[in-house]
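# Tertiary structure, described
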Amino acid sequence: MRNLVIIFIMLFGLFSWSHITEANSNNQLIIINKATNQLAFYNDGKRIRTFSVATGRERSLTPEGKFKIVNKIVNRPYYKSNIPGGDPRNPLGDRWLGINARGTYGTTYAIHGNNNPSSIGTYASAGCIRMHNEEVRWLFNQVKVNTPVIITHSKNSFDSIAKSNGYSLESKLRNVTVNKTSPQPANTTVTLTANTSAGTNPVYRFSVHDGKKWTTIRNYSSSKTAKWKPTKPGSYKLKVEVRNKSSRKNFEDQRVINYTVFQRASIKSVNTNKTSPQPSNTSVRVTASSNSNKNNLFKFSVYDGNKWRTVQKYSSNNKLTWKPTKSGSYKIKVEVKHRLSKNKRDHERTINYRVYAPARINSLKADKSLTQPINTNIILTTSTNSSSNNLIQYRVHDGERWRTVQSYSSDRKLNWKPTKPGTYKVKARVKHKSSNKTFDQERTLQFTIYEPAVIKSFSTDQSTPSEIDTNIILAADTTKQGDHLFRFSVHDGTKWSTLQSYSSTKQVNWKPSKAGNYKLRVDVKDKHSNKSFDQRKEMNYVISHPIKDIVIGDGGVLTTNSDTLIKAITSEIIGLEYKFEVYENDQWNILQNYSSSDRINWNTPEQPGKYTVKVSIKTKNSNTEHFLEKEVTVVD
């Protein structure tokens, strides 16, 4: 009796936590695909959401087939381990959707939550379908009791599985296409085609909006195509609606596409601002007028008697500035099309035009480069298309005004000798002898005339001789101020070395590290000069060693094992320190390390032979050393 009471209490608790809502109609569906461990939820013919789930550790543990949701429980206890409902340890989570699988009634198999989120997406359960807790709560609130549940192991899509099990999917459009892409001219027949990706027995309705209202092209029918022929230009919207044949909805899916219709272009007139004929190199303005200049594109081409040449590609510019360079009989063609037209042209018109040959410059050359020093004689030569019929004039601009240096004549050459520096323009004008123009053509050369740099001075801040490691400043200047460049070089007796490449800096620092006889050089030139230099100056310079001599003994013969005085003779430099060494037995031996004493007594070696004495000097607290060596002979 006690056991029956316990069972009754458990059953009462079970059903007291159930939330049972009968499904009004078969408009929901759950599909669980064990092949992908995913669950799909459908409502009203649409797949609403897809979730990752965990299924049986072995394929046989989770039943396959068609079932129903038979109960819904919040906080179902886990009786096997006596864990209360809602406890975080509960492996069932806090939502239970019972399934009537394998003869059970929602108490054995279910879709439920979990206490191990990492298991979702794997094969981990004893047969139930696990979900993330927050996702099963959402599903719990959506699903009605008696909702069909399909559990399968399939490679097919969820929609294919639903359809094969008799679920009526809502019609869905994959795309809507037209046989002629927008834009198109008016009176073009356009075929619309609708393609569905889902649905059962779809029917289609086609409509068009002209900017003011919608008009039905064809009402609902099973035909997925419709023809439309707009007669007026404008911006249209084309709409396709689809629904299942038995659907009571106005539509289940729709697509709207924009479509532009334009009016073909046509030419009204083509005119020129200068009547034919005209001399070559004359600018002729050609103007075309069309039915709608603001929407049309214009293309201009010219036929020179041999071939057509496009002189202005399609653009919104309805004007052409044409400047023929050769005489002949020409044709000027204007093609026009609407800016949206895909045709090569919508309309065209051609006019005839004749051109004769005026004087033309073939070349204007100078016998020298365009940068020259003052007082250079420059010869300019002009070549024209017809020397016997053409006249030439030369003019020069000195930066302030133009001046005619040779009036119109048949002389092709000009001798010009500028005497002042500056930027000049030399212009040749040519015209046919019958021309009434000031000139038929002109051409200009620009010259830069400079005054060569002249050295005014070249000096050093330290007089020669100077000792090594002395910082010596070489400075130069020119006679006149200008854009002059200076280059300084030094020759050490063997080769020249550049101290400073050409720059506007007029001085450079030189710190020789070796004694010797040097040559110092400065080169100067104007910045416009093409020469290596305009002028050059050199000077001799002597760099002496700070150690003048090493005095060993009294100048007589050195004998072995005798005291000998070694003395360093140096420049008068304050604060010098001296080090004395002798080279014997294949090594340098220090006789006296750095000290202020400039002399030392040396006890000559016991062995006769040749020895090298070295004196090194440096100033106190300096690391820069100078040394001098001297070879001596010691005899018995």
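These lines cover the structure that appears in this document, whether it is placed above or below. In this convention, every chain numbers its residues from 1, walking through the sequence in written order. Only residues with pLDDT of 70 or above have their local features reported here, since the model is predicted, and side-chain atom pairs are shown and tallied only from 80 upward, although totals for entire chains, interfaces and linings are computed over all residues. Hydrogens and water molecules were not included; the side-chain quantities draw on all heavy atoms of the structure.

## A closer look at the environment of K172
Rules: Helix numbering and strand numbering both begin at the N terminus, where a helix is a DSSP run of H or I of at least 4 residues and a strand a DSSP run of E of at least 2.
Inspection of the secondary structure puts K172 in strand β11 (residues 172-178). Along the sequence, K172 and P77 sit 95 residues apart, while their C-alpha atoms lie 43 Å from each other.

## Describing the sheet that holds strand β45 (residues 563-570)
To keep it simple, the criterion reads: Strands qualify as paired when DSSP identifies two bridges or more between them. Every axis corresponds to a line fitted to the C-alpha atoms, with the helix fit spanning only the stretch in contact, and the corresponding angles, defined between N-to-C directions, vary from 0 to 180 degrees.
Spatially, the 3 strands line up as an open sheet ordered β43-β45-β48, and their pairing is antiparallel. The open sheet has two edge strands, β43 (547-552) and β48 (599-603), and neither has a second partner. Along the sheet, successive strands turn relative to each other by an average axial angle of 20°, direction set aside. Taken together, the 5 bridges between β45 and β48 define a ladder with antiparallel strand orientation.

## Some points on the sheet that holds strand β21 (residues 284-290)
Within the open sheet, the 3 strands sit side by side as β19-β21-β24. Their pairing is antiparallel. The open sheet is flanked by β19 (267-272) and β24 (319-322), the only strands paired with a single partner. Across the sheet, the mean angle separating the axes of adjacent strands is 15° when strand polarity is ignored.

## Section: unusual backbone geometry
A cis amide bond links S276 with the next residue in sequence, P277, at an omega value of 0°. The topology assignment puts P277 in the loop between β19 and β20 (278-279). T464 connects to P465 through a cis peptide bond whose omega is 0°. Residue placement: P465 occurs in the loop between β35 (455-460) and β36 (466-467). Even without being a glycine, D44 presents a positive backbone phi close to 55°. Topologically, D44 is positioned in the loop between β2 (38-43) and β3 (46-52). Located in the positive-phi region is N561, a residue other than glycine, with phi close to 55°.

## Section: helix α2 (residues 133-142)
Basically, it comes down to this: The buried label applies to any residue whose accessible area, calculated with a 1.4 Å probe on protein chains only, is under 20% of its type's maximum; exposed applies above 50%, and partly exposed to all values in between. Directions are taken from the helix axis to each C-beta atom, and the arc is the one they span. Any two residues whose heavy atoms approach within 4.5 Å at even a single point are treated as in contact.
Among the residues of α2, V136, L139 and F140 are the ones counted as buried. With its buried residues spanning 105° around the axis, α2 presents them on a single face. Those residues of α2 that are exposed and aimed more than 90 degrees away from the buried face are E134 and N141. The inward-facing, buried residues of α2 abut β2, β5 (65-74), β6 (95-99) and β7 (109-112).

## Things to note about the pattern of salt bridges
The criterion, for reference: By convention in these notes, a salt bridge is any Lys or Arg side-chain nitrogen within 4 Å of a carboxyl oxygen on Asp or Glu.
As enumerated under the stated definition, the model contains 26 salt bridges in all. For E451, the salt bridge identified is with K480, shortest N-O distance 3.1 Å. Of this pair, E451 sits in the loop between β34 (441-450) and β35 while K480 sits in the loop between β37 (472-478) and β38 (484-491), and the two are 29 residues apart along the sequence. Accessibility expressed as a relative area gives 48% for K480, which makes it partly exposed. Between K579 and E581 there is a salt bridge, with the nearest N and O atoms lying 3.9 Å from each other. There is no split in this pair, since K579 and E581 are both buried.

## Comments concerning the nonpolar core
Just so we agree on the cut-off: Remark: nonpolar core denotes a set of buried residues (Ala, Val, Leu, Ile, Met, Phe, Trp, Tyr, Cys) joined through side-chain atoms within 4.5 Å.
Counting 22 residues, the largest nonpolar core has I30, L39 and I111 as the members making the most contacts within it. Of all the secondary-structure elements, those providing two or more residues to this core are β1 (28-33), β2, β5, β6, β7, α2 and β10 (148-152). Among residues more than four places away in sequence, those in contact with I111 are I30, I32, L39, I69, R95, W96, L97, I99, I129, M131, V136 and L139. Ranked by size, the runner-up nonpolar core spans 19 residues in total, among them A453, I472, F486 and V522.

## Points about the side chain of H338
Examined against the element boundaries, H338 turns out to sit in strand β25 (residues 328-338). A relative accessible area of 7% means that H338 is categorised as buried. If sequence neighbours within four positions are ignored, H338 has contacts with F262, Q263, A265, N295, N296 and D346.

## Considering the side chain of N390
Condition: Polar contact criterion, stated in full: a pair of N or O atoms within 3.5 Å, where within protein one must be able to donate a hydrogen and the other to accept it, and residues adjacent in sequence count only if both atoms are side-chain atoms.
Considering the arrangement of structural elements, one finds N390 in strand β30 (residues 390-397). Assessed through its relative accessible area of 4%, N390 is described here as buried. In this structure the side chain of N390 is engaged in a polar contact, spanning 3.1 Å, whose partner is the side chain of T384. Engagement of the side chain of N390 in a polar contact is seen with the side chain of N385, the distance being 2.8 Å.

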